[in-house]
Amino acid sequence: MSTRARRYEAQLVDRETISPHLLRLTLAGDGLAGFESTGIPDEWVGLIVPGQFQSRYYTVRSWNGRELMLDVVVHEVGLVTEWATRDCVGDQVTVTEPRGSFAMPGDAGWLLLVGDLTAMPAMARIAETVSKPVETRIWAEVPDDLAGYLPDGPGVTWLEPPAPGQSALAAVVESIDWPPGDGYFWMAGESAQMRAIRKHLMRERGLPSSAYDVMGYWRMATRRQPRSVDPGPIWRAGKAAGKSDEQIWAEYDEARDG
Ligand SMILES: Cc1cc2nc3c(=O)[nH]c(=O)nc-3n(C[C@H](O)[C@H](O)[C@H](O)COP(=O)(O)OP(=O)(O)OC[C@H]3O[C@@H](n4cnc5c(N)ncnc54)[C@H](O)[C@@H]3O)c2cc1C
């Protein structure tokens with residue numbers, strides 16, 4: 001089985017500031033012919049910006065058959081950050097075919113979404129897509145005022161990051177008052193926090209791996225730039241081997257630590 005994702009060339013046709021740390025990039029062009037959404041609401045693409053060979057991963061905020069919208073968080077430094085904040089409209093970029101991992105069981109009675117700013121595009125799309133038949137609650141740890149970013153309906157708890165570039169989401173999850181019955185828990189953010197949460201969900205809450213999806217979206221780096229590892233091949237190989245989402249995301253975190 002090939003683990004190489006198909007690639008598409010696209011042009012950055014618009015950049016909009018949504019909040020001080022969030023930019024909306026619109027990609028378009030003939031090179032996107034054949035690009036198709038998986039329909040999975042947390043689907044992501046790899047983005048390769050001019051002059052780089054490494055990808056960074058971004059949620060498909062929307063794809064209307066012509067324009068691909070990505071909402072990109074601006075960090076203090078970073079490969080995509082530096083490109084996206086300079087004069088980049090008109091640039092050619094490469095995106096990989098999308099993959100998604102959200103898999104809420106059909107009989108879930110509730111949905112809990114927890115994430116930081118990088119998870120906002122996925123949480124917004126998930127809430128837009130699946131919130132109606134299922135009671136949805138969201139915990140968003142964001143440094144900006146993004147009240148209008150999420151659709152109406154879900155109850156939202158807005159949290160301030162403890163410090164710029166820091167996250168305390170693991171403690172937040174440990175204090176959640178869980179709804180009764182069976183549901184689905186989705187979370188994304190800084191990898192170390194996500195590892196702590198997986199342990200909590202397995203050991204303290206005893207959730208089966210089909211009841212949650214916890215993804216490390218980025219790594220706190222103190223000394224060197226973190227390795228960027230494509231989640232796509234690990235995802236496809238794991239699925240082909242019959243592994244659970246839980247095992248696959250744990251392997252993804254390990255690959256990036258290696
Ligand atoms: C499946 C998936 C979906 C994702 N979806 C999105 C999305 O829709 N929007 C989005 O903005 N990001 C998303 N991310 C996260 C994004 O890929 C990373 O944040 C990425 O590192 C940003 O690239 P960069 O080139 O700007 O910074 P990098 O060059 O990767 O890193 C530079 C520095 O910034 C730090 N850094 C990286 N991310 C953060 C952060 N979130 N907060 C604070 N410091 C950080 C690093 O530790 C490093 O020190 C997603 C990741 C995955 C795996």
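Check the entry above for the structure.
Residues numbered from 1 in each chain as written. Predicted model: local features only at pLDDT ≥ 70, side-chain atom pairs only at ≥ 80, totals over all residues. Heavy atoms only, no water.

J.: Please provide a residue-by-residue account of the overall build of the protein chain, values included.
T.: The helix and strand tally for the protein chain stands at 6 helices and 12 strands. Relative to the 2.2 N^0.38 estimate, which gives 18 Å for 258 residues, the radius of gyration of the protein chain is 18 Å and therefore close to what a compact globule would have. Principal-axis analysis of the C-alpha atoms gives the protein chain an extent of 50 × 45 × 40 Å. Taken across its 258 residues, the protein chain has 50% of its residues classed as buried. (Helix = DSSP H or I, 4+ residues; strand = E, 2+ residues; numbered from the N terminus. Rg over C-alpha atoms; globule rule 2.2 N^0.38 Å. Buried < 20%, exposed > 50% of the residue type's maximum accessible area, 1.4 Å probe, protein only.)

J.: How would you sum up the sheet that holds strand β6 (residues 68–73)? Please name residues and give values.
T.: Taking strand neighbours across the sheet as the criterion, the 7 strands line up as β4-β3-β7-β1-β2-β6-β5 in an open arrangement whose pairing is antiparallel. The strands lining the two open edges of the sheet, one partner per strand, are β4 (56–59) and β5 (62–63). (Pairing = 2+ DSSP bridges.)

J.: Break down the nonpolar core for me, citing the residues and quoting the values.
T.: Among the nonpolar cores identified, the biggest contains 33 residues, and Leu111, Met120, Met123 and Trp186 are the most heavily contacted of them. Contributions of two or more residues to this core are made by β8 (110–116), α2 (120–130), β9 (135–141), β11 (184–190), α5 (231–240) and α6 (245–257). If one sorts the elements of this core by residue count, α2 sits on top with 7 residues. Ignoring any residue separated from it by four or fewer positions in sequence, one finds Met120 in contact with Ala140, Val142, Leu146, Tyr149, Leu150 and Trp158. Ala10, Leu25, Val60 and Val72 belong to the second-largest nonpolar core, a separate cluster that totals 25 residues. (Core = buried A, V, L, I, M, F, W, Y, C linked by side-chain atoms within 4.5 Å. Contact = heavy atoms within 4.5 Å.)

J.: Could you give an account of the packing of aromatic side chains, naming the residues involved and the relevant values?
T.: Aromatic rings considered in pairs are described by the distance between their centres and by the relative angle of their planes. Summed over the entire model, instances satisfying the criterion amount to 10 aromatic pairs. With a centroid separation of 6.4 Å and an interplanar angle of 80°, the aromatic rings of Trp44 and Trp235 are classed as edge-to-face. Taken together, the positions of Trp44 in strand β3 (residues 44–48) and Trp235 in helix α5 put the pair 191 residues apart, joining distant regions of the chain. Owing to a relative accessible area of 6%, Trp44 belongs among the buried residues under this scheme. On the numbers, 5.9 Å between centres and 75° between planes, the contact of Trp110 with Trp178 is edge-to-face. With a gap of 68 residues between them, Trp110 in strand β8 and Trp178 in the loop between α3 (169–174) and β11 connect regions that are remote in the sequence. (Phe/Tyr/Trp six-rings, centres within 6.5 Å; stacked < 30°, edge-to-face > 60°.)

J.: Go over the pairing of β6, please, and point to the residues and values.
T.: Along β6, 5 of the 6 residues are buried, which leaves the element largely enclosed by surrounding structure. Pairing geometry for strand β2 (residues 22–28) and β6, over 6 bridges, is antiparallel. Within β6, the position partnered with Leu27 by the bridge is Leu68. As paired elements, β5 and β6 share 2 bridges and run antiparallel to each other. What sits directly across from Ser62, in β6, is Met69. Taking the residues that link successive antiparallel strands as the turn, the β5-β6 hairpin has 4 residues, and the phi of Gly65 there is positive, at about 95°.

J.: Please provide a residue-by-residue account of the site of the ligand, values included.
T.: Within the structure, the ligand sits among 25 residues, and Arg56, Val73, Val80, Thr81 and Arg219 are positioned closest to it. In this structure, Leu79 approaches the ligand through a main-chain N or O atom, which is 2.9 Å from an oxygen atom. Here an oxygen atom of the ligand sits 2.7 Å away from a polar atom, N or O, in the side chain of Thr81. Notes on the ligand: free accessible area 930 Å², of which the protein chains cover 92%. Contributing elements (two or more residues each) for the shell around the ligand: β4, β6, α1 (79–84) and β12 (212–218). Among the residues forming the shell around the ligand, the class breakdown is 15 nonpolar, 7 polar and 3 charged. (Near = heavy atom within 4 Å. Polar contact = N/O pair within 3.5 Å; in protein donor to acceptor, adjacent residues only side chain to side chain. Areas by Shrake-Rupley, 256 points an atom, 1.4 Å probe, with all protein chains shown as cover. Nonpolar A, V, L, I, M, F, W, Y, C, P; charged D, E, K, R; others polar.)

J.: Please give an account of helix α4 (residues 191–204) that cites residues and values.
T.: Along an α-helix, a turn takes 3.6 residues, which lines up residues three or four apart on a common side. Its 14 residues place the ends of α4 19 Å apart at the C-alpha level, agreeing with the 20 Å of an ideal helix rising 1.5 Å per residue. Those residues of α4 that sit buried are Ser191, Gln193, Met194, Ile197, Arg198, His200 and Leu201. Just downstream of α4 lies Gly206, where phi reads positive at about 60°. (Expected span 1.5 Å × (residues − 1).)

J.: Quick one: what's the story with α5, residue by residue and with numbers?
T.: Among the residues of α5, Pro231, Gly232, Ile234, Trp235, Arg236 and Gly238 are the ones counted as buried. One or two steps after α5, the chain reaches Gly242, where phi turns positive at roughly 75°.

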